[in-house]
Amino acid sequence: LDALEGMPLKLHGVHDFAVVLCNGEVLGTWDRSVPPKAGLQLPSRGEARRFEVLVEVTARINFGPGVAERKGLEGRVAAGLRPQDERELLGWESRALPMQWEQLALLPWKEGAAPSPGPRFYRGRFELGGDEEPADTWVRVPGFSRGFVALNGFNLGWHRREGPQLTLYAPKALLRSGLNEVVVFELLGPPPAAAASASATKQQKVLLEAAPVWSQNRGKLAFVQAREVWAFCQQVGIRQGSQLACRELQKCSKFKVVGAVAAAVLAVLLAFVALVRS
């Protein structure tokens, strides 16, 4: 590794998102959709270096040529300026994180630990009094960046700071009178501005909302999309656009045709409303 000091580190075959750590410190992230062009910078020479690559499986494809795509780190990890000069880093071990509820209970939890960059598990508890009836709710985790949320041993789903969905649905069957436990797995840590703040711990919360929360106004987004549909219709012409839609519908099954027609009617209505509002 000393000979590769200052060279860019490159991950080949990341499916789908990875966090790279060196001696427990975050070196950088690698997103398959927008991989860093220059790679990740290898740290300077010093003490013994231990590299870890934590790979997140974002989603799976259930149609087309990618249906059999393997997940994880499928390719190699190498360092070098040019592809022909890259040297592969060997000696890796592969293991899965303990994600079962029984395994999470055995983690060495620390009370009041300050948030820091990199993968972490966070645990919190709240109590429903005897006079409070469990009800459907939505869980929001402001102050966190990327990961998943589990309520009383049930994984509610992934959370993303950028949205569009900022809350996760929690049916009342998951809640119980008395003590309830929430576990948040955080992949990146708090945003840089929040991490530098002395009140970073207070900014990380778990909130129970009465209704879903979105990162953007969905009504405005609908009108923007309707305007785009109308602009497309103006460019290609209503008749030609209808002919293109009919050709595509002929290739679909009966149920897909009904859905496509309903979507087209809704798009036209939204476009009309958007024109009226403008």
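None of these values were measured; they are calculated from a predicted model.

Novice: Go over the sheet that holds strand 12 (residues 146–151), please, and point to the residues and values.
Specialist: Taking strand neighbours across the sheet as the criterion, the four strands line up as 10-15-12-13 in an open arrangement whose pairing is antiparallel. Each of the sheet's edge strands pairs with one partner strand only, and the pair in question is strand 10 (120–128) and strand 13 (154–160). Shown here is a sheet whose adjacent strand axes are inclined to one another by a mean of 20°, direction ignored. Note: strand 10 against strand 15 (residues 178–186), nine bridges, orientation antiparallel. Residue pairing across strands places F121 opposite F185, the latter belonging to strand 15.

Novice: So what about the packing of aromatic side chains? Which residues, and what values?
Specialist: The full count for this structure, using the stated rule, is five aromatic pairs. Ring geometry for F121 versus F185: centroids 4.9 Å apart, planes at 45°, classification tilted. You can see F121 sitting in strand 10 and its partner F185 sitting in strand 15, a full 64 residues away along the chain. Each ring, one from Y122 and one from F144, has its centre 5.3 Å from the other, and the planes form 70°; the classification is edge-to-face. Of this pair, Y122 sits in strand 10 while F144 sits in the loop between strand 11 (137–140) and strand 12, placing them 22 residues apart in sequence. For F144, a relative accessible area of 7% puts it in the buried group. Members of the aromatic cluster, connected to one another through ring pairs, are F121, F148, W158 and F185. A cation over a ring is seen here: R146 above F17, with NZ or CZ 3.9 Å from the ring centre.

Novice: Go over the environment of L166, please, and point to the residues and values.
Specialist: In this structure, L166 sits in the loop between strand 13 and strand 14 (167–170). Taking the C-alpha atoms as reference, L166 lies 9.2 Å from W138; in sequence the two are 28 residues apart. With sequence-adjacent residues up to four places away left out, L166 is seen in contact with V139, R140, R160, R161, V213, W214 and S215.

Novice: I'd like to hear about the side chain of D16, residue by residue, with values.
Specialist: Summarising the element assignment, D16 is placed in the loop between strand 2 (14–15) and strand 3 (17–22). A distance of 3.0 Å separates the side chain of D16 from the backbone nitrogen of T58, its partner in a polar contact. Side-chain polar atoms of D16 contact the side chain of K71, separated by 3.0 Å. When residues no more than four places from it in sequence are discounted, the contact partners of D16 are W30, D31, R32, V55, E56, V57, T58, A59, E69 and K71.

Novice: Which residues make up unusual backbone geometry, and what are the values?
Specialist: Omega for the peptide link from H15 to D16 comes to 25°, which places this bond in the cis form. Cis geometry marks the peptide bond from G163 to P164, where omega comes out at 10°. Summarising the element assignment, P164 is placed in the loop between strand 13 and strand 14. Phi is positive for N23, close to 55°, though the residue is something other than glycine. Structurally, the position occupied by N23 is in the loop between strand 3 and strand 4 (25–31). By relative accessible area, which is 33% here, N23 ends up partly exposed. You will see that N152, though not glycine, has its phi angle at about 50°, which is positive.

Novice: Can you lay out the environment of P117 for me, pointing to particular residues and giving the numbers?
Specialist: With respect to the secondary-structure elements, P117 resides in the loop between helix 1 (101–104) and strand 10. Each C-alpha atom, one on P117 and one on L188, is 5.9 Å from the other, the two residues being 71 residues apart in sequence.

Novice: Explain the environment of L187 to me, and be specific about the residues and the numbers.
Specialist: Mapping L187 onto the fold places it in the loop between strand 15 and helix 2 (192–196). L187 gets classed as buried once you look at its relative accessible area, which sits at 3%. When sequence neighbours within four positions are dropped, the list of residues in contact with L187 reads F17, V19, L54, E56, G118, P119 and R146.

Novice: Describe the nonpolar core, listing the residues and the values that go with them.
Specialist: Across soluble globular proteins, nonpolar side chains show a tendency to be buried alongside one another. By size, the foremost hydrophobic cluster in this structure holds 15 residues, and its most contacted members are F126, V149, L151, L156, V182 and V184. Non-local contacts of V149, meaning those with residues more than four positions away in its chain, are made with V139, V141, F154, N155, L156, G157, H159, L168, V182, V183 and V184. Formed by 14 residues, the second largest nonpolar core is a distinct cluster that contains L4, L9, L40 and A79.

Novice: Explain the sheet that holds strand 1 (residues 8–11) to me, using residue names and the numbers behind them.
Specialist: As a general point, the strands of a sheet are linked pairwise by backbone hydrogen bonds and lie either parallel or antiparallel. Taken together, the four strands give an open sheet; going across it, the order is 5-1-8-9, and neighbouring strands pair in antiparallel fashion. Looking at strand neighbours, the two that pair on one side only are strand 5 (40–41) and strand 9 (87–88), the edges of this open sheet. Pairing of strand 8 (residues 77–79) with strand 9, which is carried by two bridges, proceeds in the antiparallel orientation. Following the sheet pairing, A79 is matched in strand 9 by R87.

About the cut-offs
Throughout, residues of each chain are indexed from 1 in the direction in which the sequence is written. Selection of residues for local features in this predicted model requires a pLDDT of at least 70, selection of side-chain atom pairs for listing and counting requires 80 or more, and totals for whole chains, interfaces and linings are taken over all residues. As a rule here, side-chain values come from all non-hydrogen atoms in the structure, and water together with hydrogens is ignored. A pair of strands counts as paired when DSSP detects no fewer than two bridges linking them. Think of it this way: any DSSP run of H or I at least four residues long counts as a helix, any run of E at least two long counts as a strand, and we number them from the N terminus. Axis definition: a line fit to C-alpha positions, over the contact stretch in the case of helices; interaxial angles, taken between N-to-C directions, run 0 to 180 degrees. Only Phe, Tyr and Trp rings are paired, with Trp represented by its six-membered ring, and only when their centres lie within 6.5 Å; those with planes under 30 degrees apart are stacked, over 60 edge-to-face, the remainder tilted. The rule is simple: take the accessible area with a 1.4 Å probe, protein chains only, and divide by the maximum for that residue type; under 20% is buried, over 50% is exposed, in between is partly exposed. Charge-over-ring contacts are defined here by two conditions on Lys NZ or Arg CZ: a distance within 6 Å of the ring centre and an angle within 35 degrees of the ring normal. For this analysis, residues touch if any pair of their heavy atoms sits within 4.5 Å. Pairing of N or O atoms within 3.5 Å defines a polar contact, subject to two protein rules: one partner must be a possible hydrogen donor and the other a possible acceptor, and residues neighboring in sequence count only if both atoms are side-chain atoms. The term nonpolar core refers to a set of buried residues drawn from Ala, Val, Leu, Ile, Met, Phe, Trp, Tyr and Cys, joined through side-chain atoms within 4.5 Å.

None of this, on its own, says anything about what the molecule does.
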